[in-house]
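These are the residues of each chain, in order.
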Amino acid sequence: MSGWFEGFIAETVEVGGQALHLRSGGKPDGPPLLLLHGFPQTHAIWQRVARVLGHHFFLVMPDLRGYGDSAKPPSDAQHLPYSKRAMAHDMVALMRERFGISRFGLVGHDRGGRVAHRLALDHPDAVSKLAVLDIAPTLDMYARTDMDFARAYYHWFHLIQPQPLPETMIGANPRFYLHWKLGGWGSQGLAHIEPEALAEYERCFCRPEAIHAACEDYRASASIDLEHDGISRASAHKVACDLLVLWGARGVVERLFDPLALWTAQCAGHVSGWPLPCGHYLPEEQPAETAAALLEFFGD
C-alpha cells in the first residue's frame, strides 16, 4: 500500500437514495474503521494515513454528501439535507448496507468530526470508539465567538449568508479560495499536500454545485445542527464510548479553546488527547504521528 491508495477499491454506491463515493480496503478481517474528511476536501486527505492503518484495519473512506464525488442533494429552508444528523445517517447506512458492519471505530477531521460527533450521539451502538481531529464541539465554538474567533474562522459566518452571495463570491475564483483555505489555519502553505490530492480537491471543489453544497453544510451547522446539539446537551446526552482528541499545535483550536476539557464535558467514556506539531490538516501534515495515535487508540 505504498502508492496512491494502492490496494483500495474506489466505488460509488447508492444508500438511502443518495450516491456515496468511497474507497475501502486494508486488512479484510481487521477491525472496521470509518474515516470522515472535512471542508474543503474529500476522502483523499486519508491517503497517507491509510498506508499505515490499512495493515491493521479494514478502512472505509467516503466522501460526505455534498463533497467529492458523492451526491449533492437539493436543500430546503431548514438545511436539513445537510444536517450532521442526515450525514451521520448516510454513514451508518453505508456501513450496514454495503459492508454488513453494524459496529465500527470512527474518526472525523474538521466537518467529518462534527458528523462523527452526531453519529456517536444518535447511533451509540454503532460506534466502538471515536476520534475527532482539530475541532471542539460546535456549540462551544459558536458560544465562544469574539473578534479573535470571527477573524480566524470568518468562513463560518461568510458561508452561512443567504445564497447566492457566498456561492457567487467564491465562484469568481474557486481555485484561489480553495488554496487559501488549504494553506491556512496554521498549516503554512500547501507543501504538505500531495499533488494527487491537490488535483482531487481542485477537481471536486471548483464546481458550482460543490460550492453550494459546502455553503449548505455550514448553513446547517449554524441552524438545525445547533438545535440538535442544544437538545442533546439539555438532556445530558453524551458520547458513550472512549474518545481520542487530536489537534494542531499551530491552529485555531489550540489558540482559542481547551479541546480536551470541552470534549471531556461531552463524553461519558474515557477522553484522552494531545496536540500535534502542525496546523489544521493533521492527516496530511503529520501523517505518521496521526496514524500512530489512531493505531494505538483503536488497536487496544
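Residues numbered from 1 in each chain as written. Predicted model: local features only at pLDDT ≥ 70, side-chain atom pairs only at ≥ 80, totals over all residues. Heavy atoms only, no water.

Digging into the confidence of the model for the protein
(1) Moving on: Scored by pLDDT, the protein comes out at a mean of 97, with 99% of its residues at no less than 70.
(2) Moving on: The element-level mean pLDDT for the protein is lowest in helix α5 (residues 147-152), coming to 95, with strand β3 (residues 32-36) highest at 99. (pLDDT = per-residue confidence, 0-100. Helix = DSSP H or I, 4+ residues; strand = E, 2+ residues; numbered from the N terminus.)

What about the side chain of R23?
(1) Moving on: By secondary structure assignment, the location of R23 is in strand β2 (residues 18-26).
(2) Moving on: Although R23 is buried, it forms no salt bridge, and the closest oppositely charged side chain is E200 at an N-O distance of 5.6 Å.
(3) Moving on: Polar contacts involving the side chain of R23 include one to the side chain of H43, which spans 2.8 Å.
(4) Moving on: Non-local contacts of R23, meaning those with residues more than four positions away in its chain, are made with W4, F5, F8, I9, A10, H43, L59, V60 and M61. (Buried < 20%, exposed > 50% of the residue type's maximum accessible area, 1.4 Å probe, protein only. Lys, Arg positive; Asp, Glu negative; His and termini not counted. Salt bridge = Lys/Arg side-chain N within 4 Å of Asp/Glu carboxyl O. Polar contact = N/O pair within 3.5 Å; in protein donor to acceptor, adjacent residues only side chain to side chain. Contact = heavy atoms within 4.5 Å.)

Some remarks on the packing of aromatic side chains
(1) Moving on: Scanning the entire structure with this criterion turns up 17 aromatic pairs.
(2) Moving on: Ring geometry for F58 and F99: centres 5.5 Å apart, planes at 70 degrees, overall edge-to-face. Of the two residues, F58 is situated in strand β4 (residues 58-62) and F99 in helix α2 (residues 84-99); the sequence distance between them amounts to 41 residues. Of the two residues, F58 and F99, both sit in the buried class.
(3) Moving on: For the ring pair Y142 and F157, a centre distance of 6.1 Å and an interplane angle of 85 degrees mean the geometry is edge-to-face. A residue pair is termed long-range when its members are at least 10 positions apart, and Y142 in helix α4 (residues 138-143) and F157 in helix α6 (residues 155-158) qualify at 15 residues.
(4) Moving on: In this structure F157 comes out as partly exposed when scored by relative accessible area, which is 25%. (Phe/Tyr/Trp six-rings, centres within 6.5 Å; stacked < 30°, edge-to-face > 60°.)

Some words on helix α8 (residues 174-182)
(1) Moving on: Burial in α8 covers these residues: P174, Y177, L178, H179, K181 and L182.
(2) Moving on: Those residues of α8 that are buried are in contact with α6, α7 (165-171), α9 (195-205) and α10 (208-221).

Quick notes on the nonpolar core
(1) Moving on: F39, L59, L106, V107, L130 and Y153 are the most contacted members of the largest nonpolar core, which has 97 residues in total.
(2) Moving on: Examining the composition of this core, we find that eight residues originate from one element, α2, more than from any other. (Core = buried A, V, L, I, M, F, W, Y, C linked by side-chain atoms within 4.5 Å.)

With respect to the state of the cysteines
(1) Moving on: Counted by the stated rule, this structure contains zero disulfides.
(2) Moving on: Here C204 is not cross-linked by a disulfide; its sulfur's nearest cysteine counterpart is in C206, at 9.5 Å.
(3) Moving on: A relative accessible area of 4% means that C204 is categorised as buried.
(4) Moving on: Judged by relative accessible area, which is 27%, C206 ranks as partly exposed. (Disulfide = S-S within 2.5 Å.)

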